[in-house]
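So the chains spell out like this:
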Amino acid sequence: MQNSNSPLRVLYDGGCPLCRREIAHYQRLTPRRPLDWIDIDGDPSACESLDITRESAMARFHVIEGSQIHTGAEAFVVLWSALPGWSLLAALARGLRLIPVMERGYAWFAQRRWKKRCQDDRCAVI
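Residues numbered from 1 in each chain as written. Predicted model: local features only at pLDDT ≥ 70, side-chain atom pairs only at ≥ 80, totals over all residues. Heavy atoms only, no water.

Student: Just checking my understanding: could you explain the side chain of Asp13 for this structure?
Tutor: Looking at where Asp13 falls in the secondary structure, it is placed in the loop between β1 (8-12) and α1 (17-27). Looking at Asp13, the relative accessible area reads 4%, which means it is buried. A polar contact of 2.9 Å, which involves the side chain of Asp13, links it to the backbone nitrogen of Gly15. (Helix = DSSP H or I, 4+ residues; strand = E, 2+ residues; numbered from the N terminus. Buried < 20%, exposed > 50% of the residue type's maximum accessible area, 1.4 Å probe, protein only. Polar contact = N/O pair within 3.5 Å; in protein donor to acceptor, adjacent residues only side chain to side chain.)

This is the structure we're talking about:
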């Protein structure tokens, strides 16, 4: 883990109702370290400065920690580590080595969300 005082940059799809509700829940919490919330639907150009394609960011959840890019289940665990109440779940996921199992579930969900959300080039760079 990198410097806990540097902000985590959390990329999320603000156009996805489920994603928006989940992020809103996290945003109501007082984080243990700074968090920068980046709505890639609301600001399609946000990915350009992060060296991540918008398509990649729309396809999988991303959390950037310093120069390290976390995606999928690992990204959730990194985010949870910074949130009260969720940090215990993050520690359990790491300690019990559950991230690969979580990743399989996340990959299944993300693929279906991508197909539903990104039909007809709705996720293409504008």
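Student: So what exactly am I meant to see when it comes to the packing of aromatic side chains here?
Tutor: Aromatic ring pairs: the centre-centre distance and the angle between the two ring planes describe each pair. Enumeration according to the criterion identifies 5 aromatic pairs in this entry. Ring centres 5.4 Å apart and planes at 90° place the aromatic pair Tyr26 and Trp86 in the edge-to-face group. Linking Tyr26 in helix α1 with Trp86 in the loop between α3 (72-81) and α4 (87-95), this pair joins segments that are 60 residues apart in sequence. Judged by relative accessible area, which is 1%, Tyr26 ranks as buried. For Trp86, a relative accessible area of 24% corresponds to the partly exposed category. Pairwise contacts between aromatic rings join Tyr26, Phe61, Phe76, Trp80, Trp86 and Tyr106 into one cluster. (Phe/Tyr/Trp six-rings, centres within 6.5 Å; stacked < 30°, edge-to-face > 60°.)

Student: Help me understand the sheet that holds strand β2 (residues 35-39) in this model?
Tutor: The mixed open sheet is built from 4 strands, whose spatial order is β2-β1-β3-β4. The open sheet terminates on both sides in strands that have one partner only, identified here as β2 and β4 (68-71). Between one strand axis and the next, the sheet turns through 20° on average, direction left out of account. Inspection of the sheet shows strand β3 (residues 62-65) paired to β4 by 4 bridges, in the antiparallel sense. By the bridge assignment, Glu65 is partnered in β4 with Gln68. In the packing of α3 onto the sheet, contacts are made with β1, β2, β3 and β4, and the angle to β4 comes to roughly 110°. (Pairing = 2+ DSSP bridges. Axes fitted to C-alpha atoms, helices over the stretch in contact; angles between N-to-C directions. Contact = heavy atoms within 4.5 Å.)

Just geometry here; none of it tells us what the structure is for.
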